[in-house]
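Structure at a glance
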Amino acid sequence: MTSTWDSLQWRGLIAQSTDEEALKPSVDGGRMTIYAGFDPTAASLHFGNLVQLILLRHLQQAGHRIICLVGGSTGQIGDPRPSSERILKTKEQTAEYVDKIQQQVRPFLNFDGDNGAIMVNNLDWTAPMSALDFLRDVGKFFRVNQMIRKDAVAARLESQEGISYTEFSYQILQGLDYLHLFREYGCTLQTGGADQWGNLTAGVDLVHRAEGSTVHALTTPLITDSSGRKFGKSEGNAVWLSPEMTSPYAFYQYWINVEDASVVHLLKVFTDMTPDEVAEMEQATAERPAARAAQRELAQRVTTLVHGAHATEQVEAASQVLFGKADPAQLEEQTLVDVTGELPAGEGQVGMSVVDALVATELAASKGAARRLIADGAVSVNNAKVTDAEQVLSESDFLHSRLALLKRGRKNMATLNLA
RNA sequence: GGCAGGUUGUCCGAGCGGCCAAUGGAAGCGGACUGUAAAUCCGCCGGCGUACGCCUACGCAGGUUCGAAUCCUGCACCUGCCA
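Keep in mind that this is a model prediction, so the values were computed, not measured. Numbering of residues starts from 1 in every chain and runs along the sequence as written. Think of it this way: whatever chain is written first is A, whatever ligand is written first is 1, and the rest follow in order. Residues qualify for local features only when their pLDDT is at least 70, as the model is predicted, and side-chain atom pairs are given and counted only at 80 or more; totals for whole chains, interfaces and linings, by contrast, use all residues. Heavy atoms from the whole structure form the basis of all side-chain values; hydrogens and water molecules are not counted.

Right, let's talk about the overall build of chain A for a bit. Counting its secondary structure elements, chain A contains 20 helices and 13 strands. Whether a residue is buried, partly exposed or exposed follows from its accessible area with a 1.4 Å probe, protein chains only, as a fraction of its type maximum: under 20%, in between, or over 50%, in that order. Residues classed as buried in chain A amount to 47% of the 419 residues present. Residue contacts are defined here by distance: any two heavy atoms, one from each residue, within 4.5 Å place the two residues in contact. Partitioning the contacts of chain A with sequence separation of at least 6, the portion at a separation of at least 24 is 72%. The sign given to each residue is positive for Lys and Arg and negative for Asp and Glu; His and the chain ends receive no count. One atom stands in for each charge, and that atom is NZ of Lys, CZ of Arg, CG of Asp or CD of Glu. Taking the average place of the 37 positive charges on the side chains of chain A and the average place of its 52 negative ones, the gap between the two points comes to 5 Å. We count a stretch as a helix when DSSP gives it H or I for four or more residues in a row; a strand needs E for two or more, and each element gets its number in order from the N terminus.

Okay, structure coming up:
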């Protein structure tokens, strides 16, 4: 597949664009300057942002110049959600998040060499602007009539809560970014998630009105599972890219657990496998679904991309032991320590009740919850099911006088280290 | 500033003096089945205690009452209409 555009389309990375006819030749041929923005709403990027990073990566590899914007100013305002108004974070907090996110983006793109990506922060051009200039030079180009048609804004206007002027202004701020990057860098394409369409077109319109130039926008589809649920949630929490917020082990497990119906699609989106390689996996899944070859491949590749090869080897080894038939008591001490390294951990001692151990390792939120789990038959110590809620840990439960392996349900594990 | 309506558990949303830790739905957790899938079925789902129980909770602070999420007063915040 020689066409970049066609290849992106095949991968399922293109949902909508402003003018495909004009855009496709540019994406395939020339060297465009392209930007995508990430707002620092948390200390880490998450699953949803990963799609954007993957897209940018492909585009850079195709020879385009990438500008990565981290929203020091937009992050202080907040993109309106359809549900409710955001609580403002302090400026200091936002600045801290900007730093973290900038670091997190680096491994995905090449920032050196003659086609190095450029990192920018919209605070640099927004902060010096006066409110008066903002209203006169930028606001004048926006029609409120059009602004209120944006989905999230429209939803909020219908709601009891309404919408603050702050959040209402968000799209102007994001539009301003595009105008700035067009002027400074000749940027002519902005990419984003499907839910960003309104914000992207706000920028496209602004550039057109202010400069008389035509620029483009391109969105990636929202990734969902077979029943239409948004992807990227594990135990109700977002899957983060930061190892502090989602351990590499949990991250790897998330991908391993992907349903059969989605795995092929996810391989296309999140890995750089070729159509032939993907077809092979598709066949493997069809013939021997229980082997989960495609899931393993997916988990291995994405975890390597995000957490590196070393961490991936560790979590793969851990997963094999923990989900294999291996009896943890049979493992050598070093193997056991390596394998459990990525698991959540707590401290305990001989004589501690299993209930307390579950709470100590955060496998259970409270003692009551721990008792219920035991009653449900969900708990095991070193792969031996616990049936008595009063059970106490003995010396032999701490393998190699060192740690015990606790399990809640089939796939939630933790180590209890002997204090 | 005036008038009207609203604020309930993770979310949505009932309750409108005792039977309310609070109906229902969603999400989540666990079990069974299987393949560390999907679908389905079953159980759990504020905290503490083995249990009769105790504590905390229905925006905040007071009050009425034997008894309040439910009534009254004040305050905060949100929404709509008017100015």
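That shown, we press on.
Here, the term disulfide refers to a pair of cysteine sulfur atoms separated by no more than 2.5 Å. Taken as a whole and assessed by the stated rule, the structure comprises zero disulfides. Counting only cysteine sulfurs, Cys187 is the nearest neighbor of Cys68, a cysteine outside any disulfide, at a range of 12 Å. Judged by its relative accessible area of 0%, Cys187 is buried.

Right, let's get into the packing of helix α1 (residues 4–11) against helix α2 (residues 20–28). Orientation of α1 relative to α2, taken along the N-to-C sense of each, is 110 degrees, at an axis distance of 7 Å. With respect to each other, α1 and α2 are oriented roughly perpendicular. Contacts from Thr4, Trp5, Asp6 and Gln9 in α1 reach Glu20, Leu23, Lys24, Val27 and Asp28 in α2. Note that Gly is not counted as nonpolar here; it falls among the polar residues with everything else outside the nonpolar set of Ala, Val, Leu, Ile, Met, Phe, Trp, Tyr, Cys and Pro and the charged set of Asp, Glu, Lys and Arg. A per-class count over the contact of α1 with α2 returns three nonpolar, two polar and four charged. Simply put, an axis is a line fit to the C-alpha atoms, just over the touching stretch for a helix, and the angle between two N-to-C directions goes from 0 to 180 degrees. Under this scheme an angle from 65 to 115 degrees is roughly perpendicular, one under 35 degrees roughly parallel, and one over 145 degrees roughly antiparallel; angles in between are oblique.

Criterion used throughout: strands pair if DSSP finds at least two bridges between them. One open sheet holds the six strands; their spatial order is β1-β6-β5-β2-β3-β4, and the pairing between them is mixed. A strand with exactly one partner marks an edge of an open sheet, and here the two such strands are β1 (16–17) and β4 (118–121). Across three bridges, the pairing between strand β2 (residues 33–38) and strand β5 (residues 189–193) is parallel. The partner of Ile34 across the bridge, within β5, is Leu189.

It is worth spelling out the confidence of the model for chain A at this point. What pLDDT expresses is the predictor's confidence in each residue, scored from 0 to 100. This prediction gives chain A a mean pLDDT of 89; 97% of its residues lie at or above 70. This complex was scored by the predictor with a pTM of 0.87 and an ipTM of 0.81.

This next bit is on helix α3 (residues 47–61). Any helix carries an expected span of 1.5 Å times its number of residues minus one. When the terminal C-alpha atoms of α3 are compared, their 21 Å separation across 15 residues agrees well with the 21 Å that a helix rising 1.5 Å per residue should span. Extensive coverage of α3 is indicated by the burial of twelve of its 15 residues. Listed as buried for α3 are Phe47, Asn49, Leu50, Val51, Gln52, Leu53, Ile54, Leu55, Leu56, His58, Leu59 and Gln60. Just downstream of α3 lies Gly63, where phi reads positive at about 105 degrees.

Here the focus is a nonpolar patch on the surface. A patch is a set of surface residues, each over 30% in relative accessible area and not in a salt bridge, joined within 9 Å for like charges and within 5 Å for the nonpolar side chains Val, Leu, Ile, Met, Phe, Trp and Tyr. Each accessible area value is a Shrake-Rupley result obtained with a 1.4 Å probe; residue values ignore everything except the protein chains displayed when judging cover. Salt bridges are identified by distance alone: a Lys or Arg side-chain nitrogen within 4 Å of an Asp or Glu carboxyl oxygen. On the surface, Val144, Ile148 and Leu157 cluster together to form a nonpolar patch covering roughly 240 Å² of accessible area. Its location among the elements puts Val144 in helix α8 (residues 144–147).

Between its first and last C-alpha, helix α12 (residues 197–211) extends 21 Å over 15 residues, near the 21 Å set by a 1.5 Å rise per residue. When α12 is considered as a whole, its buried residues turn out to be Asn199, Leu200, Ala202, Gly203, Val204, Leu206 and Val207. Buried-residue contacts for α12 involve α7 (131–138), α11 (170–185), β5 and β6 (216–220). Of the residues trailing α12, Gly212 is marked for its positive phi of about 70 degrees.

This part is about the sheet that holds strand β11 (residues 384–385). With mixed pairing, the five strands of this open sheet are ordered in space as β9-β13-β12-β10-β11. Pairing within the sheet leaves two strands with one partner each, and these edge strands are β9 (345–348) and β11. As paired strands, strand β12 (residues 403–408) and strand β13 (residues 412–418) are joined by six bridges and run antiparallel to one another. The partner of Lys407 across the bridge, within β13, is Met413.

Right, let's talk about the packing of aromatic side chains for a bit. Given two aromatic rings, one states the distance between the centres and the angle between the planes to describe the pair. By convention, a stacked pair of Phe, Tyr or Trp rings (six-membered ring in the case of Trp) has centres within 6.5 Å and planes under 30 degrees apart, an edge-to-face pair has planes over 60 apart, and any other such pair is tilted. One pass over the structure, following the stated rule, counts eight aromatic pairs. Consider the rings of Tyr35 and Tyr178, whose centres lie 5.6 Å apart with planes at 70 degrees: the pair is edge-to-face. Of this pair, Tyr35 sits in strand β2 while Tyr178 sits in helix α11, placing them 143 residues apart in sequence. A single burial state applies to Tyr35 and to Tyr178, both of which are buried. Connected via pairs of aromatic rings, a cluster forms that spans Phe47, Phe251, Tyr254, Trp255 and Phe270.

Where charged atoms from two side chains of opposite charge approach closely, those side chains can pair. What the rule picks out here adds up to ten salt bridges. Here Asp28 makes a salt bridge to Lys24, at a shortest N to O gap of 3.2 Å. Taken together, the positions of Asp28 and Lys24, both in helix α2 and four residues apart, correspond to about one turn of that helix. Taking the relative accessible area as the measure of exposure, Lys24 reaches 26% and is therefore partly exposed. The salt bridge partner of Glu211 is Arg183, with a shortest N-O separation of 2.7 Å. Taken as a pair, Glu211 in helix α12 and Arg183 in helix α11 lie far apart in primary sequence, 28 residues in all. Given a relative accessible area of 34%, Glu211 falls into the partly exposed group. A single salt-bridge network, built from bridges that share partners, covers Asp6, Lys24 and Asp28.

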